[in-house]
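One letter stands for each residue in the lines below.
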Amino acid sequence: MATQATSVSVSGNFTLTDSTGSVVFTFSPSFTTLSDTTSGAISTGEILTDGTSDTTVNLARHHKDALFAFIKNVDTDYPVAVKPDGDVIANLKPGEFMFSPIHIDGAGDASNNLDLAATTAAQKVQFLLCDGPNTGINTDD
């Protein structure tokens, strides 16, 4: 019986220019998962936030120390708060998105939740979650 090992590599380039065309900021993030993290390394989905309480994204397939998350508010009227471990890290207005490394269990209390909250009315959110290295990621920068 053969054993298959896979990994996932993601990279991107972001450049901010001013009105005269001068480059103000450039950032080129990238990561590659380890072969032992890819069995459930990527999940995607669309979720409708409740509008009255937190809506939890299922993280059962992912390890919680190092998660790369792309989250987009695809609705057109109200913001959505992104709350790993209960702490708000982004308020995404309609059409806005975020791509960030996230340490889900940063508090060390085994809560392991990625919650989305829309306080005014239910909002539609799309997401892509990808495991990072098992050793964790530094999100303090």
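Structure's up top.
The following paragraphs examine the structure supplied in this document. (Residues numbered from 1 in each chain as written. Predicted model: local features only at pLDDT ≥ 70, side-chain atom pairs only at ≥ 80, totals over all residues. Heavy atoms only, no water.)

Describing the environment of Leu-116
- Along the chain, the position of Leu-116 falls in strand β11 (residues 114-117).
- Leu-116 gets classed as buried once you look at its relative accessible area, which sits at 1%.
- Between the alpha carbons of Leu-116 and Val-88 there is a distance of 9.1 Å; along the sequence they are 28 residues apart.
- Contact partners of Leu-116, with chain neighbours within four places excluded, come to Ile-47, Thr-49, Ser-53, Asp-54, Thr-55, Val-57, Ile-71, Val-80, Ala-81, Val-82 and Val-125. (Helix = DSSP H or I, 4+ residues; strand = E, 2+ residues; numbered from the N terminus. Buried < 20%, exposed > 50% of the residue type's maximum accessible area, 1.4 Å probe, protein only. Contact = heavy atoms within 4.5 Å.)

So, the pairing of strand β12 (residues 124-131)
- Across 7 bridges, the pairing between strand β5 (residues 42-48) and β12 is antiparallel. The residue of β12 that forms the bridge with Ile-47 is Val-125.
- The pairing of strand β7 (residues 67-73) with β12 spans 7 bridges and is antiparallel. The residue of β12 that forms the bridge with Phe-68 is Cys-130. (Pairing = 2+ DSSP bridges.)

Quick word on the side chain of Gln-123
- The topology assignment puts Gln-123 in the loop between β11 and β12.
- If sequence neighbours within four positions are ignored, Gln-123 has contacts with Ile-47, Leu-48, Thr-49, Asn-73, Asp-75, Thr-76, Asp-77, Tyr-78, Pro-79, Val-80 and Ala-118.

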